[in-house]
Amino acid sequence: MPTQSPLTARLQSVQRQHIEHIFQLGEGLEVPQLPAQATIRRSWLRCLNEYQLDPTQPRPARVVPQQILIEHRESVDELLHVARAGVEQLYQQIAQLGYVLLLTDHRGITVEFRGDPNQDQQLRKAGLYLGADWDERFAGTCAVGTCLHDRQAIICHRQEHFDASHISLTCTAAPIANPQGNVMAVLDISALHSPTQHESQNFSLSLVTLYARMIEDAYFLQRYRNCLMVRLDTSREFVHVNGRGLIAIEENGEVIAANAVGRELIAVHQRRWPPWSTNHAPMLGELFECEIADVLSINSGTDDQLRAFRARVDNTIYFISLLEPRRPRPAQQATPPTSALPEPLARLGADDPAMRKVQKLAERLRNEASVNVLISGETGTGKEVVARALHESGNRAKGPFMAVNCAAIPETLIESELFGYEPGAFTGGRSKGMRGLIPQAHGGTLFLDEIGDMPLALQTRLLRVLAEREVMPLGANTPVKVDIRVVTATHRDIEEMIQQGEFREDLYYRLNGAQLRLPALRERADKLYVIRRVFDDIVDERDNRVTERATHALPRLRADAISALLAYAWPGNVRQLKNALAFALATSESDEITVNDLPEQCLSQRITRQTLCLPDDDCAEPDNEMLELLKEQHWNISAVARMLGVSRPTVYRQMQRQGIMPPNWRG
Ligand SMILES: Nc1ncnc2c1ncn2[C@@H]1O[C@H](COP(=O)(O)OP(=O)(O)OP(=O)(O)O)[C@@H](O)[C@H]1O
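Residues numbered from 1 in each chain as written. Predicted model: local features only at pLDDT ≥ 70, side-chain atom pairs only at ≥ 80, totals over all residues.

### Examining the overall build of the protein chain
Let me state the cut-off plainly: Helix and strand assignments come from DSSP, with helices taken as H or I runs of at least 4 residues and strands as E runs of at least 2, each series counted from the N terminus. Put simply, a residue is buried when 20 or more other C-beta atoms lie within 10 Å of its own C-beta and exposed when 12 or fewer do; between those, it is partly exposed, and each C-beta is set from the backbone. Contact between two residues is assigned whenever their backbone-derived C-beta positions fall within 7 Å.
Summing up its helical and strand segments, the protein chain has 27 helices and 21 strands in all. Counting over 667 residues, the protein chain shows a buried share of 39%. Of the contacts made within the protein chain by residues no fewer than 6 positions apart, 65% connect residues no fewer than 24 positions apart.

Now the structure itself:
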């Protein structure tokens, strides 16, 4: 007979006692070990009597299938979109303490989840997972389910859970109500293990309640963004930063809606003055001793943009600030906010600090052709796009923009491609010779992409071109004068390459007259703008290809799709995003792109670069995956690059590193 470990034996004995306590409560017996919280006791009785759950039959966690999960997510897509920043911030605070975060819809299905990927198995088993069902009717007494039932924040600590398989968990949840006061979601933080004392979770309760309120208010602000709104607090200092009451009003002062604090204030008034019925929409002037004109002039008529008014019901002084309605944006949704930048630069981003820095510096450099610009950033972040914008916004815009990808040209050809050659300069060359790419850039911009891949010998020649502003084609006797602006790009650490003797230090300093560092897409604060921009670009490109434009309804990205796109980490940056959107547009059966149209990888949980090895990364294990993919795609490098969401040169580089040769290679 297999022997039990002492730990399993101990757990089973605790579970047996727990089940006994539930029956004791059911029979009306009072034993000291029963939970003190009345909410928990009531829930246990509901589980026994109403839901007929059998405490002797612990149930494994239920995770709903992907399709059902998508439907649940869709039903709360606006909330998911608004809640994202709050979820992220809260998780940052609790992750180190071993907690995970769940956001469920009003049916208890987990629609958003953050947890340590290293604990994936354990978390899934415990039901702390995306798609897990925490409805009290199924899971028994638990923080989410009981919070949904009682519509109030709750700690469900260890043996307060009904199901014996949950008794090592500690969970704390708070409801998120819609503007009508109905619970639409629950925010929960949970841990697999915790100290035994109930009080250890009091801080969790405060934190989760605070974030639930912030998400609720963010949702309220989003919902009524086109309305006038007053923000109120009893503290003058706090009203602008954290005014707790929010009341949306008409221009005449009629109340349209209010957040929890505002609703409570209105409810108190209604209790005091019974003639007020709930059918009667109160006026702001009935709640406070104020003229609506005084409220409407707060922003123009006061120095600190707030005014104090007395609440009629109890004479409390409230400080009130006024939020003007956000004007609906004109048709061009993707246009960035006011900016004095030239159009090509303004289009690069909307409101991201790192991108703003790039835009401002590019603005200053656009006509300074003598300053060589180096653009750095991960693969697919838009280095070529930025180089082109720099060119198009400057006084060379009418001249050529020659883009050369140093990684894509075979080493033996780089020299002749760049510098050109005279007739008969070498065997295999064209009989008339060839004008090199550098001379072709005369009067315009030469963009050298992947400069880190330039062979050392050619680096010396390039250095000479930069110094003397002339090139010597192969086989020629006289140099050709060139007037070029040089912009280079790299995703490699050139300083590291210098240390390794792979890149000339003097060339680096010459190329790096100014550096534009592009942020990764996952770090950008204007991700939504980039999504819309890229989407619009693809639609425009498609419509330019199709002649009868009028037959197309304008495609639209639905909120659930945007939500998923915002949540994904985009290791391949804007290029990968573009591929995902192009895929969705090409395969969608309607003009509304939903989350179902996106490539499956974008629906997976948020991934981090640490957990994902790009083919470009050194962490890539030498395996057959790349080879298999290449074979599957009949050695079509562009197709493989598209599938991986990386550039073609990246695929070439990776092939080189792994020693993969295409079958038709003749080198
Ligand atoms: N701001 C942007 N707006 C619209 N599309 C963009 C933007 N930035 C990048 N893209 C698109 O993303 C793709 C990748 O951009 P680009 O080639 O400039 O990236 P990169 O950083 O040079 O990539 P690599 O390092 O692989 O050379 C292109 O299809 C480009 O059109």
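So much for the structure itself; the text now carries on.
### Details of the packing of helix H4 (residues 77–94) against helix H8 (residues 202–223)
In a packed pair of helices, the relevant descriptors are the angle between the two axes and the axis-to-axis distance. This is how it is decided: Note on geometry: axes are C-alpha line fits, over the in-contact stretch for helices, and angles between N-to-C directions span 0 to 180 degrees. In these notes the angle categories are as follows: under 35 degrees is roughly parallel, over 145 is roughly antiparallel, 65 to 115 is roughly perpendicular, and the rest is oblique. Throughout, a crossing is termed right-handed when the near helix is turned clockwise from the far one, and left-handed when it is turned anticlockwise from it by less than a right angle.
Where H4 meets H8, the closest approach of the two axes is 9 Å, and the angle between their N-to-C directions is 155°. Here H4 lies roughly antiparallel to H8, going by the angle between them. As for the relative orientation of H4 and H8, their crossing is right-handed in sense. For the pair formed by H4 and H8, the contact residues are Leu-79, Val-82, Ala-83, Gly-86, Leu-90 and Gln-93 on the first element and Leu-207, Tyr-211, Met-214, Ile-215, Ala-218, Tyr-219 and Gln-222 on the second.

### Regarding the sheet that holds strand E11 (residues 373–376)
Sheet strands associate in pairs through backbone hydrogen bonding, adopting either a parallel or an antiparallel arrangement. For the record, the criterion: If DSSP finds at least two bridges between two strands, the strands pair.
Ordered in space as E12-E15-E18-E11-E19, the five strands form an open sheet in which the pairing is parallel. A strand with exactly one partner marks an edge of an open sheet, and here the two such strands are strand E12 (401–405) and strand E19 (514–517). Ignoring strand direction, the axes of neighbouring strands in this sheet form an average angle of 20°.

### Regarding the pairing of strand E5 (residues 183–191)
Counting buried positions over the nine residues of E5 gives seven, a clear majority of the element. For strand E4 (residues 170–177) and E5, the ladder comprises eight bridges, and the chain directions are antiparallel. Pairing of Cys-171 across the sheet is with Ser-190, part of E5. Here E4 folds back onto E5, and the loop between the two strands holds five residues, one of which, Gly-181, carries a positive phi near 95°.

### Focus on unusual backbone geometry
Of note, the phi angle at Asn-315 is positive, near 65°, even though the residue is not glycine. Its location among the elements puts Asn-315 in the loop between strand E9 (307–310) and strand E10 (317–323). The exposed category is assigned to Asn-315, around which 8 C-beta atoms lie within 10 Å. Its identity as a non-glycine residue notwithstanding, Trp-570 has a phi of 50°, on the positive side. Take Trp-570: it is sitting in the loop between helix H23 (559–567) and helix H24 (573–587). By C-beta crowding, Trp-570 is classed as buried, having 26 other C-beta atoms within 10 Å.

### Re the environment of Leu-102
With respect to the helices and strands, the residue Leu-102 is situated in strand E1 (residues 99–105). Among the residues examined, Leu-102 registers 28 C-beta atoms within 10 Å and is labelled buried. A C-alpha to C-alpha distance of 5.0 Å links Leu-102 and Asp-188, two positions 86 residues apart in sequence. With sequence-adjacent residues up to four places away left out, Leu-102 is seen in contact with Thr-110, Phe-113, Leu-128, Val-144, Asp-188 and Ser-190.

### Describing the nonpolar core
The condition is simple: We define a nonpolar core as a collection of buried residues of the types Ala, Val, Leu, Ile, Met, Phe, Trp, Tyr and Cys that are connected via C-beta atoms lying within 7 Å of each other. Delimitation of the domains relies on an automatic or database domain assignment.
By size, the foremost hydrophobic cluster in this structure holds 79 residues, and its most contacted members are Ala-143, Val-144, Ala-173 and Leu-187. Composition of this core by domain shows at least three residues from each of domain 1 (1–209) and domain 2 (224–323). Each residue touching Val-144, except ones within four places of it in the same chain, is listed here: Leu-102, Thr-104, Gly-108, Trp-134, Ala-173, Val-186 and Asp-188. In terms of nonpolar packing, the next biggest core, distinct from the first, is built from 49 residues, Met-402, Val-486, Ala-641 and Leu-644 among them.

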